[in-house]
Amino acid sequence: MKYESQGIAKMYFIAAIGLFVGQILFGVTMGLQYVMGDFLFPEIPFNVARMVHTNLLIVWLLFGFMGSAYYLIPEEAERELFSPILAKVMFWIFLVAGALTILGYLLVPYARLAELTMNDLLPTMGREFLEQPTITKIGIVIVALAFIFNIGMTVLTGRKTVINLVLLTGLVGLAVFFLFSFYNPDNIVLDKYFWWFVVHLWVEGVWELIMASLLAYVLIKVTGVDREVIEKWLYIIIAMALISGLVGTGHHFFWIGTPGYWQWLGSIFSALEPIPFFMMTLFAFNVVNKRRRDHPNKAAVLWALGTAVMAFLGAGVWGFLHTLAPVNFYTHGTQITAAHGHMAFYGAYVMVVLTMISYSMPLMRGQKAANETAQKLEIRSFWTMTLSMVAITLLLTGAGIMQVYLQRYSADPLPFMVVQDELATFYWLREVAGITFLIGLFMYIYSFFVKGKEVEDVE
Amino acid sequence: MRETFTKGMARNIYYGGSVFFFLVLIGLTVDTVKRLPATDNSENLTEQVAEGKRVWEVNNCIGCHTLLGEGAYFAPELGNVYTRFGESTEAIKAFIKYRPVEGIEDRRSMPQFNLTDEELEAVAQFLKYVDGVKTARDWPPNIQG
């Protein structure tokens, strides 16, 4: 760690991991509700558990991105963070606001929460992933602006590299597109259309810039490969991400009352969306093979390679599976979507944050890398979580194929709930995989506390 | 990558490509918004429907159901529920109104939201309005949603 203010990342990462645990606990709760419909009913109905599950994911990934930026930006800019105090204050504001929002979901009925937070003044609640009370959304904007000001000033007054500029662009885009969450017209088609300007342009747009720059940074650090080479890859990957992903938004405009041409545009451009992820995989393996040093942090190298592969599988391959309009006609809004969502989020965004944590946490704790025993456990947790997620994805895909056939494709389509009963075996197995994922997460956390032989520095 | 392909070229593809396709997206958005009145059923978008959308939102219906395929996959699609319930807003209202407070043993059950008669009517009208949106190929594929 070259600059003291990089250490601020630590509190962000600890909060991120804590919220991650909460996310998975609610995930396994929902998994059980899929097969035991009355589990925790009416105290925690499915919709509440889901809201907590998805919102915790978003919040902890944002903590992860912010922590990563606070670690990376000073080192790349070759100066201390513009305002470490501001970063610490914003941490507590964001954590308290996030915690209060989640408690609000759990402790009072959602309609009451809307009333308490005066949703009527500017109604923004009750849309998928954007369930936060309007006041929380305003808080998110304030925290995001303060954060961008802080790292923006650091970059602008320091060394500008391709990595910190791309990261900054991604983070500014994240804040800008979030503003669409305040637009909630009565017209349902317009509402849905612009809702995707937050959701799609985040996860299939600007977040890819964040992800690629974080990955590029870690790869420079652990491989020692020349920055020029890595920056060229970075440019071409994010170029392909935006060239395919911007008009690729159209794959969400097939069946919501929007013009028919989106079926062509959405299909063609989103069919190109796997390309940047495939390039990321090539990139990661290429630079690791050409490495000029064997970094003692083997776990971080594994996470980096794993991110590239799993993002390609989850976002690229599983996205492509159902992105062509004639296929999506049958699969839209089924368990196929759930399968893709799980592996894409895990592979691209969860794993890239864990890559950053894996690389930077030992450095913030005054070590080159975690000790050998700890790394072994971390590597085991990598495989436990990743293989569990593969299992979840395959099982949901199986459930989805069967659902599509029974409910949408067969000569005699069955009602939704009848079909759900037929899928119980898939859901039970998915629940088992969910629990092994949780075990993997506990192993991961435990790896931070394991004592053992310090790693040899082989530089 | 080959030496002939320089970082400068990669950078230009990034800037040029992203600006160009961002402008394309904006252009298509303008065109889409202009064309929407032909399909979006806005002629039936009354005050009551708008109120129904609020009821839909503040009870987090999207947390279990899909609406035109978007939402959660735990409970049935509601974009065509008006058709599925025999084009009866009364049937929709009755279904929501008589959900057991304690749920149904071993089964998924919709919570009892204690909606007023006015709210029930509004949300039923909202679902009728959404059913009237002209989706491409008349999605969903069949009445089961």
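Just so we're clear, the structure is a prediction, and the values are computed from it rather than from any experiment. (Residues numbered from 1 in each chain as written. Chains lettered and ligands numbered in written order. Predicted model: local features only at pLDDT ≥ 70, side-chain atom pairs only at ≥ 80, totals over all residues.)

(A) Summary view of the overall build of chain A. Within chain A one finds 16 helices and zero strands. Its C-alpha atoms give chain A a radius of gyration of 22 Å, within 12% of the compact-globule value 23 Å for 459 residues. Considered along the principal axes of its C-alpha atoms, chain A spans approximately 65 × 45 × 45 Å. Within chain A, the fraction of its 459 residues that count as buried is 59%. Taking as baseline every contact in chain A between residues at least 6 positions apart, the subset at least 24 positions apart corresponds to 81%. (Helix = DSSP H or I, 4+ residues; strand = E, 2+ residues; numbered from the N terminus. Rg over C-alpha atoms; globule rule 2.2 N^0.38 Å. Buried ≥ 20, exposed ≤ 12 C-beta atoms within 10 Å, placed from the backbone. Contact = placed C-beta atoms within 7 Å.)

(B) Up close: the packing of helix H10 (residues 274–289) of chain A against helix H11 (residues 298–321) of chain A. Residues and elements named next belong to chain A. The geometry of H10 relative to H11 is characterised by a closest axis approach of 8 Å and an angle of 160° between their N-to-C directions. Between H10 and H11, the crossing angle belongs to the class labelled roughly antiparallel. Seen from above, H10 lies across H11 with left-handed handedness. Mapping the contact onto sequence places Pro274, Phe277, Phe278, Met280, Thr281, Ala284, Phe285 and Val288 in H10 and Val301, Ala304, Leu305, Ala308, Val309, Ala311, Phe312, Ala315, Gly316, Val317, Gly319 and Phe320 in H11. Residue composition of the contact of H10 with H11, by class: 17 nonpolar, three polar and no charged. (Axes fitted to C-alpha atoms, helices over the stretch in contact; angles between N-to-C directions. Parallel < 35°, antiparallel > 145°, perpendicular 65-115°, else oblique. Left-handed = near helix turned anticlockwise from the far one by under 90°. Nonpolar A, V, L, I, M, F, W, Y, C, P; charged D, E, K, R; others polar.)

(C) Fine view of the interface of chain B and chain A. Listed per partner, the contact involves 61 residues of chain B and 62 residues of chain A. Looking at the side of chain B that touches chain A, the elements that each hand over two or more residues are helix H1 (7–35), helix H2 (47–58) and strand S2 (70–71) of chain B. A total of 13 residues in the side of chain B that touches chain A trace back to one element, the largest contributor, which is H1(B). Each residue belonging to the side of chain B that touches chain A can be placed in one class, and the counts come to 28 nonpolar, 17 polar and 16 charged.

(D) Structural detail: the nonpolar core. Ranked by internal contacts, the top residues of the largest apolar core, which has 200 residues, are Leu215(A), Leu219(A), Leu234(A), Ile237(A), Ile238(A) and Met280(A). It is helix H7 (residues 188–223) of chain A that contributes the most residues to this core, 26 residues altogether. Counting only domains with at least three residues in this core, you end up with domain 1 (1–38) and domain 2 (42–138) of chain B. In contact with Met280(A), other than residues within four places in its own chain, are Ala212(A), Leu215(A), Ile237(A), Ala308(A), Ala311(A) and Phe312(A). (Core = buried A, V, L, I, M, F, W, Y, C linked by C-beta atoms within 7 Å. Domains from an automatic or database assignment.)

(E) Summary view of the domain arrangement of chain B. One can read the domain layout of chain B as domain 1 (1–38) and domain 2 (42–138). For domain 1 of chain B and domain 2 of chain B, the distance between their C-alpha centres works out to 38 Å.

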